[in-house]
Amino acid sequence: MNFFAEQDHARRNSKWLILLFVIAVIILIGLSNILIAACLWMFDSTSELNLPDNRSFFSADILVFVSLVMTSVIICAIAFKWFQLKDGGRRIAESLGGQRIPPNSQHPEQQQILNVVEEMALASGMPVPSVYLLKDEIGINAFAAGHTPADAVIGITQGALEQLNREQLQGVVAHEFSHILNGDMRLNVRLIALLSGIVFIANLGEFILHTQRYSHRSSSRSNNNDARVAAAGFGLLALGWIGLFFANMIKAAISRQREYLADASAVQFTRNPNGIADALKIIGGYDAGSGLRTPLSQETSHMFIGDARRLGSFFATHPAIKSRIKRILPRWDGALIKRDIKKVAKPITRVVKKVAKKE
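**Here's the deal with helix 7 (residues 166-181)**
Thinking step 1. Here helix 7 contains 16 residues, and its C-alpha end-to-end distance of 22 Å stays within 8% of the 22 Å for a straight helix at 1.5 Å per residue.
Thinking step 2. Counting buried positions over the 16 residues of helix 7 gives twelve, a clear majority of the element.
Thinking step 3. Of the residues making up helix 7, those classed as buried are Gln168, Leu169, Gly171, Val172, Val173, Ala174, His175, Glu176, Phe177, Ser178, His179 and Ile180.
Thinking step 4. Where helix 7 begins, one side-chain oxygen reaches toward the backbone nitrogen of Glu167, 3.1 Å away; that side chain belongs to Asn165.
Thinking step 5. Phi for Gly183, located one or two positions after helix 7, is positive at around 80°.

**A look at the packing of helix 10 (residues 273-285) against helix 12 (residues 321-328)**
Thinking step 1. Orientation of helix 10 relative to helix 12, taken along the N-to-C sense of each, is 160°, at an axis distance of 10 Å. Relative to helix 12, helix 10 is oriented roughly antiparallel. Here helix 10 and helix 12 pass one another in a crossing that is left-handed. Residues Pro273, Ile276, Ala277, Leu280, Lys281, Ile283 and Gly284 of helix 10 pack against Ile321, Arg324, Ile325 and Ile328 of helix 12.
Thinking step 2. Of the residues in the contact of helix 10 with helix 12, the class split is eight nonpolar, one polar and two charged.

**Focus: the pairing of strand 4 (residues 153-157)**
Thinking step 1. Counting buried positions along strand 4 yields five of five residues, so the element is predominantly enclosed.
Thinking step 2. Alternating positions in strand 4 separate into two faces, Val153, Gly155 and Thr157 on one and Ile154 and Ile156 on the other, with burial throughout.
Thinking step 3. Here strand 2 (residues 130-134) pairs with strand 4 via five bridges, running parallel. Counterpart to Leu134 in the pairing with strand 4 is Thr157.
Thinking step 4. Pairing analysis gives four bridges linking strand 3 (residues 142-145) to strand 4, with the strands arranged antiparallel. Across the sheet, the residue bridging to Ala144 is Ile154, located in strand 4.

The rules behind the values
Residues numbered from 1 in each chain as written. Predicted model: local features only at pLDDT ≥ 70, side-chain atom pairs only at ≥ 80, totals over all residues. Heavy atoms only, no water. Helix = DSSP H or I, 4+ residues; strand = E, 2+ residues; numbered from the N terminus. Expected span 1.5 Å × (residues − 1). Buried < 20%, exposed > 50% of the residue type's maximum accessible area, 1.4 Å probe, protein only. Polar contact = N/O pair within 3.5 Å; in protein donor to acceptor, adjacent residues only side chain to side chain. Axes fitted to C-alpha atoms, helices over the stretch in contact; angles between N-to-C directions. Parallel < 35°, antiparallel > 145°, perpendicular 65-115°, else oblique. Left-handed = near helix turned anticlockwise from the far one by under 90°. Contact = heavy atoms within 4.5 Å. Nonpolar A, V, L, I, M, F, W, Y, C, P; charged D, E, K, R; others polar. Pairing = 2+ DSSP bridges.

Take a look at the structure:
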């Protein structure tokens with residue numbers, strides 16, 4: 001495997017996809033301008049707005065005003081999400097249900113992953129990140145989260161600890177260290193924040209429609225205003241979902257390229273293609289795969305080594321397992337490693353019920 005060529009190829013593709021993501025956000029803002037202007041034009045109320053005619057709704061002043069408002073809304077939503085994630089990887093790991101593995105853990109499986117993470121940190125010259133265990137997840141998966149190497153954490157599922165040996169864990173951890181060193185970890189957090197801005201547009205439209213549902217006005221002018229507001233609400237809701245559709249598609253494409261890059265880097269770090277390749281073979285032949293049950297798997301799916309949602313087509317955040325293995329081992333015969341589930345995790349619904357009783 002020429003992992004240097006694979007790395008360069010993945011980096012080039014990622015840059016184009018990131019540019020495409022930014023363009024999509026700009027287009028969304030532009031469409032918001034057209035939507036608001038159209039609503040004003042279709043449901044005229046000149047006496048309230050003191051505008052000379054309908055064409056003035058499409059004036060430069062109105063377009064600039066709407067642009068500033070929509071841009072401010074998106075930026076505020078992104079900034080709020082970024083503030084929520086300011087604690088770095090620890091906040092993300094805990095939101096996914098992770099619990100930090102103490103350095104003095106006496107559990108053999110936990111001590112093994114701590115040793116592997118420490119080895120990879122020393123080999124790469126990085127600080128040793130904290131390790132968080134998602135003990136209720138039986139799928140084989142792992143992630144790296146944080147803004148910088150200083151606040152990075154490594155997360156791993158209980159299923160990964162139970163199903164992978166030391167060599168395979170080294171491949172998985174090397175894959176995650178690649179995400180840290182190549183800036184993917186920081187990019188993943190930014191994608192979460194950017195997507196929250198687009199989602200907020202849909203939420204705003206839904207809020208407007210919900211408010212209008214309980215509005216009871218009878219005058220013709222009020223009815224005209226209500227129609228304008230309702231049309232704007234429907235439009236924002238549609239724009240938000242359309243924007244989310246394309247943004248998720250681009251996010252998935254970015255993630256797929258970065259996974260190829262991380263796989264190639266894992267081979268470079270460990271000098272052992274079998275470690276990461278065998279881990280992927282086990283994921284492919286495992287009954288639970290890499291799927292996660294946490295509700296946040298939708299938002300954070302691009303951060304994991306395996307597809308947490310197991311979606312196909314354009315929305316898959318990871319390349320097909322067989323495609324990834326083929327890139328690492330071109331002469332692979334296509335055989336997967338079959339594994340049975342060793343532990344049945346407690347249903348998440350039990351946790352929800354317990355919290356509800358406390359409230």
